[in-house]
Amino acid sequence: MRLGSPLLACSVVACASGGGDELRTELSRLRQEVYALRTDLRHTREDYRALRTEVETLKQAPSVPPKPPAAAASDPEPPALPVVKLTSDGKPVPVEEQMGAIDDGSPPILIKMGPGVPEKLEVDEEVLETPDPVLGEAANAPESPEAQYELALQTLRRQRDPVRAMALLTAFERKHPRSPLADNAAYWTGEAHFMLAEYAEAAQTFVRLMDAYPDSAKEPWAMLRLGESLYQLARAEEAIAKLEALIRRFPDSPPARTARERLALWRADQKGKM
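Engineer: Just give me the short version of the packing of aromatic side chains, but keep the residues and values in it.
Structural biologist: For the structure on display, the rule yields five aromatic pairs. Ring centres of Tyr 187 and Phe 206 lie 5.7 Å apart, and the angle between their planes is 45°; on these two criteria the pair is classed as tilted. Residue Tyr 187 is found in helix α8 (residues 182–195), and its partner Phe 206 is found in helix α9 (residues 199–212); the two are separated by 19 residues along the sequence. Phe 206 matches Tyr 187 in its accessibility class, with the two residues each being buried. Taking 4.2 Å as the distance between ring centres and 5° as the angle between the ring planes, the aromatic pair formed by Tyr 231 and Trp 266 counts as stacked. In this pair, Tyr 231 sits in helix α10 (residues 219–232) while Trp 266 sits in helix α12 (residues 254–273), placing the two residues 35 residues apart along the sequence. Its end group placed over the ring of Phe 194, Arg 225 keeps NZ or CZ at 4.6 Å from the ring centre.

The following block contains the structure:
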């Protein structure tokens, strides 16, 4: 840069033409402009060096192929289906005339039942009520109580569906209250409630079982489950009392052995809470 010489010449000319404060002011302004030009030049050089460095970096970087444009999302067109054309009198159109036909959304084959036949047929109730002549009367007879009970029990045990099993067991007990399986149905209804963690309903069901069927073989098991339900309801004292009563009445029964194990755990748990 040789900015100093022209400016100096201008200053000398200005001094020669006249002196005073105006010349000094003009000289000061020129010096400020020179300083601003030098600053702009320095910034321009710095920007140039930065751009050059960026260009060199891009040259050395591996080239990445451009990504293909994403295909527009659209539902695939359904495949064209062949259509069987019919003439006005219902006869198929010759195959050679059907070539190239595609599905336009209408039914492929129009089936008509003939003149005078209504499109909606009335149901023949007599046919529906007639026993099947091939299978005989046994196939149309209602299921036995034992089969209904077995279905409800397997729904709970094997299918693990306590809600449906409960409905089947309740219906069985209501329909067959004098059946020797009625008390069993009541017991397994309580078990279904217990499986669903409905402990209040389970306790009520086991109490009802013992009241309605006092000679039931399920009573020891009902007493055990009643105590467990009460313990889950935070009624520990009542639960312990029920299991103690179970042990006194049925000391050698499998539920009594389970009750002793439960009592040992519950009592230890109660001591830990004190």
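Engineer: Please set out the pattern of salt bridges residue by residue, giving values where relevant.
Structural biologist: One pass over the full model with this rule turns up ten salt bridges. For Arg 262, the salt bridge identified is with Glu 228, shortest N-O distance 2.7 Å. Taken as a pair, Arg 262 in helix α12 and Glu 228 in helix α10 lie far apart in primary sequence, 34 residues in all. Here the salt bridges do not stand alone but share partners, grouping Glu 191, Arg 225, Glu 228 and Arg 262 into one network.

Engineer: With reference to specific residues and values, describe helix α7 (residues 162–175).
Structural biologist: Compared with the 20 Å implied by 1.5 Å per residue over 14 residues, the 19 Å span of α7 between its first and last C-alpha is a close match. Of all the positions in α7, only Pro 162, Ala 165, Met 166, Leu 169, Phe 172 and Glu 173 are classed as buried. Axial view of α7: buried residues confined to an arc of 130°, hence all on one face. Residues Val 163, Arg 174 and Lys 175 are exposed on α7 and point more than 90 degrees away from its buried face. Tucked into the core, α7 has its buried residues touching α6 (145–157), α8 and α9.

Engineer: If you had to explain unusual backbone geometry to someone new, which residues and values would you point to?
Structural biologist: Of note, the phi angle at Arg 160 is positive, near 55°, even though the residue is not glycine. With respect to the element layout, Arg 160 can be found in the loop between α6 and α7.

Engineer: Help me get a handle on the packing of α6 against α8, residues and values and all.
Structural biologist: Packing of α6 against α8 brings their axes to within 11 Å, and their N-to-C directions diverge by 20°. Taken together, α6 and α8 sit at an angle that is classed as roughly parallel. Like other packed secondary-structure pairs, α6 and α8 cross with a definite hand, here left-handed. Two secondary-structure elements touch here, α6 through Tyr 149, Leu 153, Leu 156 and Arg 157 and α8 through Asn 184, Ala 185, Trp 188, Glu 191, Ala 192 and Met 195. The residue makeup of the contact of α6 with α8, split by class, is seven nonpolar, one polar and two charged.

Engineer: How would you summarise the side chain of Glu 219 if you had to cite specific residues and measurements?
Structural biologist: Mapped onto the fold, Glu 219 is located in helix α10. For Glu 219, a relative accessible area of 8% puts it in the buried group. With sequence-adjacent residues up to four places away left out, Glu 219 is seen in contact with Met 210, Pro 214, Arg 249 and Phe 250.

Engineer: Tell me about the environment of Arg 164, and name the residues and values.
Structural biologist: As for its placement among the helices and strands, Arg 164 is situated in helix α7. A C-alpha to C-alpha distance of 9.3 Å links Arg 164 and Ala 192, two positions 28 residues apart in sequence.

Engineer: Describe the packing of α8 against α9, naming the residues involved and giving the relevant values.
Structural biologist: Two elements in contact, α8 and α9, have axes whose closest approach is 7 Å; the angle formed by their N-to-C orientations is 165°. Between α8 and α9, the interaxial angle falls into the category roughly antiparallel. Two packed elements cross with a definite hand, and for α8 against α9 that hand is left-handed. Within the contact between the two elements, α8 uses Asp 183, Ala 186, Tyr 187, Thr 189, Gly 190, Glu 191, His 193 and Phe 194 and α9 uses Tyr 199, Glu 201, Ala 202, Thr 205, Phe 206, Arg 208 and Leu 209. Residue classes in the contact of α8 with α9 are distributed as seven nonpolar, four polar and four charged.

What counts, and at which threshold
- Residues numbered from 1 in each chain as written.
- Predicted model: local features only at pLDDT ≥ 70, side-chain atom pairs only at ≥ 80, totals over all residues.
- Heavy atoms only, no water.
- Phe/Tyr/Trp six-rings, centres within 6.5 Å; stacked < 30°, edge-to-face > 60°.
- Helix = DSSP H or I, 4+ residues; strand = E, 2+ residues; numbered from the N terminus.
- Buried < 20%, exposed > 50% of the residue type's maximum accessible area, 1.4 Å probe, protein only.
- Lys NZ or Arg CZ within 6 Å of the ring centre and 35° of its normal.
- Salt bridge = Lys/Arg side-chain N within 4 Å of Asp/Glu carboxyl O.
- Expected span 1.5 Å × (residues − 1).
- Arc of directions from axis to C-beta.
- Contact = heavy atoms within 4.5 Å.
- Axes fitted to C-alpha atoms, helices over the stretch in contact; angles between N-to-C directions.
- Parallel < 35°, antiparallel > 145°, perpendicular 65-115°, else oblique.
- Left-handed = near helix turned anticlockwise from the far one by under 90°.
- Nonpolar A, V, L, I, M, F, W, Y, C, P; charged D, E, K, R; others polar.

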